[in-house]
Amino acid sequence: MKLKSAVENLAWPVVQTGRPAELMALQRQFEVSQWWPQEQLCQAQFTQLSALAEHAAKNVPYYYNSLRKAGFRSGKPMNEEIWRRIPILTRAQVRDLGDKLHAKTIPHSFGKTGVATTGGSTGIPVRVIKTSVDSLMWESSYVRELLWHCNDLSGTIVNFNDMIAGKLLPHQRTAHDHGDGVILPNLQTLAGAIWNTGALGLMSYRQPVQKQAEFLLKVKPKHLGIRPTDLRLLLSYFRDHQLRLDSISYVWTLSEIVDESLRGLCRTIFGCDIVHNYTAAEIGYIALQCPSSHEFHVMGETQYVEILNDKGDPCLPGEIGRVIVTPLHNYAMPLLRYEIGDEAELGTACACGRGLPVLKRIVGRLENYILLKSGERRRVEFYHYKLATVEAILEFQLVQKTLDLIVLQLVVSRPLTSEELNLAKGIMSYAFGQYLAIDVTFHESLPRTSSGKLRNFISEVL
Ligand SMILES: [Zn+2]
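A few points on the structure. For every chain, the first residue of the written sequence is number 1, and numbering continues from 1 along that sequence. Predicted model: local features are reported for residues with pLDDT of at least 70 only, side-chain atom pairs are reported and counted for 80 or more only, and whole-chain, interface and lining totals are derived from all residues. Note that the side-chain values use all heavy atoms of the structure and ignore hydrogens as well as water.

Some thoughts on the overall build of the protein
- Tallying secondary structure elements over the protein gives 13 helices and 21 strands in all.
- Its C-alpha radius of gyration of 23 Å places the protein within 12% of the 23 Å reference for a compact globule of 462 residues.
- A principal-axis box enclosing the C-alpha atoms of the protein has dimensions of 70 × 70 × 45 Å.
- In the protein, 64% of the contacts between residues at least 6 apart in sequence involve partners at least 24 apart.
- The protein chains shown are the only cover counted for residues, whose accessible areas, like all others here, come from Shrake-Rupley with a 1.4 Å probe. Roughly 21700 Å² of accessible area belongs to the protein as shown, and the carbon and sulfur atoms make up 52% of that amount.
- When charges are counted, neither His nor the chain ends are considered; positive counts come from Lys and Arg and negative counts from Asp and Glu. Charge placement uses NZ in Lys and CZ in Arg. For Asp and Glu, CG and CD serve respectively. Distance between charge centroids for the protein: 4 Å, based on 50 positive and 46 negative side chains. Each helix is a run of H or I in the DSSP string that is no shorter than four residues. Each strand is a run of E no shorter than two, and both are numbered from the N terminus. Throughout, radius of gyration means the C-alpha value; the globule benchmark is 2.2 Å times the number of residues raised to the power 0.38. Residue contacts are counted whenever heavy atoms from the two residues lie within 4.5 Å of one another.

Encoded structure:
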């Protein structure tokens with residue numbers, strides 16, 4: 001990829017300044033640290049966790065006592081034994097503790113603070129204060145994702161999101177708001193400041209799939225940025241209308257879950273694989289897809305991630321556990337051992353040779369529980385990948401309506417055959433039949449959260 005020079009008319013070597021220079025300097029360090037054995041990475045993480053704990057113990061009311069109780073002493077290093085005694089911090093606690101989690105003072109060099117809010121898909125909103133250093137670390141993973149997965153940003157990029165709509169010029173904004181795609185001469189994001197890039201095509205994800213498809217056919221992008229649920233709709237549209245688009249080499253997805261059926265459909269229709277990641281607004285990038293597999297590497301330079309079983313002990317490879325994350329550089333609102341609300345399966349060492357910890361898959365939200373009449377909660381284990389074998393099903397959402405009834409709400413491209421309907425009912429019956437009555441209903445569309453996410457499970461009784 002061709003680096004952009006901050007000094008005009010300079011052919012070689014390129015001189016970068018400001019944020020691009022900071023980010024590329026971090027990449028140089030990451031290029032080395034990603035190959036460290038896990039012990040070495042862990043040692044470096046604990047050096048940083050010591051500094052963070054020192055800061056939290058002095059400046060954050062919630063941690064004045066709790067760190068001391070866990071055995072942490074100022075001036076002494078943090079170690080794993082003390083670390084495991086620090087209580088897990090739940091989303092509800094983060095919401096309820098409020099400013100007790102805010103640092104009274106933050107070193108000046110951490111820059112400006114801002115607030116990130118999130119929680120749409122979990123139902124528990126949290127507000128997290130971050131500094132410029134957190135933004136820098138967030139951006140560093142974004143840059144790393146591009147470096148890991150892409151060797152050419154020269155082609156046109158199409159993004160179906162509204163993220164930079166606010167930065168458009170008035171006439172562009174008008175066109176965008178009217179549902180017409182907008183084409184900008186280069187990538188108006190960070191990547192465009194670092195590298196020479198192709199044009200950027202923008203269209204809102206709220207536009208009908210037909211309009212999105214027409215826009216893609218007109219622009220013929222090399223890159224496509226899109227949410228997984230919207231990608232599934234788009235791919236189905238291309239398939240059902242026998243449309244072809246050979247230009248796409250990279251599909252970048254954000255948020256939600258990407259499963260093998262979606263990857264397969266993308267390979268069939270667009271002829272390329274999906275690059276996915278695991279992010280959270282309050283934390284940043286937690287993991288990136290490995291460049292040579294579909295597993296995820298934890299961003300160990302910016303996050304300390306623990307996968308814990310029901311007893312609170314670390315999971316072994318192959319086990320599924322709760323994801324506990326500690327952002328290593330949030331000095332405005334330190335979140336030590338934050339339970340984000342997801343589960344993940346811990347992977348074994350990756351064949352690529354990187355020492356960064358491996359998550360084989362992100363399992364989903366812990367809040368996905370059904371409530372039984374007995375008062376017992378059961379985790380939803382719904383075999384949605386089987387449902388995805390029915391091509392006419394475009395979207396689905398499970399809703400527990402009452403203590404007796406769970407409904408599978410579907411958006412379909414055509415009426416289901418009786419065989420397909422029986423398959424859907426069979427999956428429902430297998431998952432829930434022993435606890436609840438089941439029903440299948442059909443809808444024009446399914447509601448999104450305010451951030452545009454489609455939740456695949458909703459409880460109206462919890
Ligand atoms: Zn790997």
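What follows continues from the structure just given.
A word on unusual backbone geometry
- In this chain, Trp12 is followed by Pro13 through a cis amide linkage whose omega measures -15 degrees.
- One can find Pro13 in the segment before α1 (18-33).
- Positive phi values are uncommon outside glycine, yet Asn9 reaches one of about 55 degrees.
- Mapped onto the elements, Asn9 comes out in the segment before α1.
- Of note in this structure, Lys220 is not a glycine but carries a positive phi near 50 degrees.
- Within the secondary structure layout, Lys220 lies in the loop between α9 (209-219) and β6 (223-226).

What to know about the coordination of the zinc ion
- Those protein atoms acting as donors to the zinc ion are Cys290 (SG), His297 (NE2), Cys350 (SG) and Cys352 (SG), and they sit at 2.1 to 2.3 Å.
- Geometry at the zinc ion is tetrahedral, judged from the 4 donor atoms that bind it and their angles of 103 to 114 degrees at the metal.
- Here the donor residues for the zinc ion map to a single chain with the spacing C-x6-H-x52-C-x1-C. Grouping residues by exposure puts Cys290 and His297 together as buried. Note that water is not among the atoms used; donors are N, O and S atoms within 2.8 Å of the metal (3.2 Å for Na, K and Ca), so sites may look incomplete. By the criteria applied here, four donors are tetrahedral when all angles lie between 85 and 135 degrees, four are square planar and six octahedral when opposite donors are over 155 degrees apart and every other angle lies between 65 and 115, and any other arrangement is irregular. Only protein chains enter the accessibility calculation, which uses a 1.4 Å probe. A residue is then buried if its area is under 20% of the maximum for its type, exposed if over 50%, and partly exposed in between.

With respect to the sheet that holds strand β21 (residues 457-459)
- Strand pairing requires that DSSP identify at least two bridges connecting the strands. Spatially, β20-β19-β18-β21 is the arrangement adopted by the 4 strands of the open sheet, whose pairing is mixed. The sheet is open, and its two edges are formed by β20 (437-442) and β21, each paired on a single side. On average, each strand axis in the sheet is tilted by 20 degrees relative to the strand beside it, whichever way the strands run.
- In the sheet, strand β18 (residues 393-400) pairs with β21 via 3 bridges, with the strands oriented parallel. In the strand pairing of β21, Val399 is matched with Ile458. Lines fitted to C-alpha atoms define the axes here, with helix axes fitted over just the stretch in contact, and angles between the N-to-C directions of these axes take values from 0 to 180 degrees.

Description of the sheet that holds strand β3 (residues 157-160)
- Pairing in this open sheet of 6 strands is mixed, and the strands run β4-β5-β3-β6-β7-β8 from one edge to the other. With partners counted over all chains shown, the strands left at the sheet margins are β4 (182-184) and β8 (274-275), one partner each.
- Here β3 runs beside strand β5 (residues 200-203); their pairing, made up of 4 bridges, is parallel. Bridging across to β5, Phe160 finds its partner in Met203.
- The sheet contacts of α9 involve β3, β4, β5 and β6, and relative to β3 the element is tilted by about 170 degrees.

Notes on empty space enclosed by the protein
- A cavity, in this analysis, means grid points on a 1 Å lattice covering only the protein atoms where a 1.4 Å probe fits yet has no way out; a pocket is instead an open set bounded by protein on both sides within 12 Å along at least five of seven lines, and a residue lines either one if it has an atom within 4 Å of a point. Grid points are joined across faces, edges and corners, and a volume is the space filled by probe spheres set on the points. A full pass over the atoms with the stated rule returns 1 cavity of 30 Å³ or more.
- Reported here for the largest cavity is a volume of approximately 110 Å³.
- Lining of the largest cavity is provided by 15 residues; of these, Asp134, Met137, Ile283, Thr302 and Gln303 occupy positions nearest its centre.
- At the level of secondary structure, the elements contributing two or more residues to the lining of the largest cavity comprise α6 (132-149) and β10 (284-289).
- When residues of the lining of the largest cavity are assigned to their parent elements, the largest contribution, 4 residues, is made by α6.
- Asp, Glu, Lys and Arg are counted as charged, while Ala, Val, Leu, Ile, Met, Phe, Trp, Tyr, Cys and Pro are counted as nonpolar; the rest, among them Gly, fall into the polar class. Here the lining of the largest cavity is composed, by residue class, of 6 nonpolar, 6 polar and 3 charged.

Here's the deal with the layout of surface pockets
- Of the voids in this model, the second largest pocket is the one considered here, and its volume is about 570 Å³.
- Around the second largest pocket sit 27 residues that line it, and Gln38, Tyr304, Val305, Leu346 and Pro357 are the ones nearest its centre.
- Of all the secondary structure elements, the ones that give two or more residues to the lining of the second largest pocket are α2 (38-59), α4 (80-85), β12 (303-308) and β15 (358-365).
- Ranked by residues supplied to the lining of the second largest pocket, first place goes to β12 with 6 residues.
- Across the lining of the second largest pocket, the residue classes tally to 17 nonpolar, 6 polar and 4 charged.

With respect to the packing of aromatic side chains
- Working definition: a ring pair exists when centres of Phe, Tyr or Trp rings (six-membered ring for Trp) sit within 6.5 Å. Plane angles under 30 degrees give stacked, over 60 give edge-to-face, the rest tilted. With the rule as written, the count across this model stands at 8 aromatic pairs.
- Judged by centre distance (5.8 Å) and plane angle (80 degrees), the rings of Trp83 and Tyr304 are edge-to-face. Of this pair, Trp83 sits in helix α4 while Tyr304 sits in strand β12, and the two are 221 residues apart along the sequence.
- With centroids separated by 5.9 Å and ring planes inclined at 20 degrees, the aromatic side chains of Tyr250 and Trp252 adopt a geometry described as stacked. The pair Tyr250 / Trp252 is uniform in exposure class, with both members buried.
- Here the aromatic residues Phe46, Trp83 and Tyr304 are joined through ring pairs into a cluster of three or more.
- Over the face of the ring belonging to Trp148 we find Arg354, whose NZ or CZ atom lies 4.8 Å from the ring centre. Put simply, a charge is over a ring when the Lys NZ or the Arg CZ is close to the ring centre, within 6 Å, and near the line of the ring normal, within 35 degrees.

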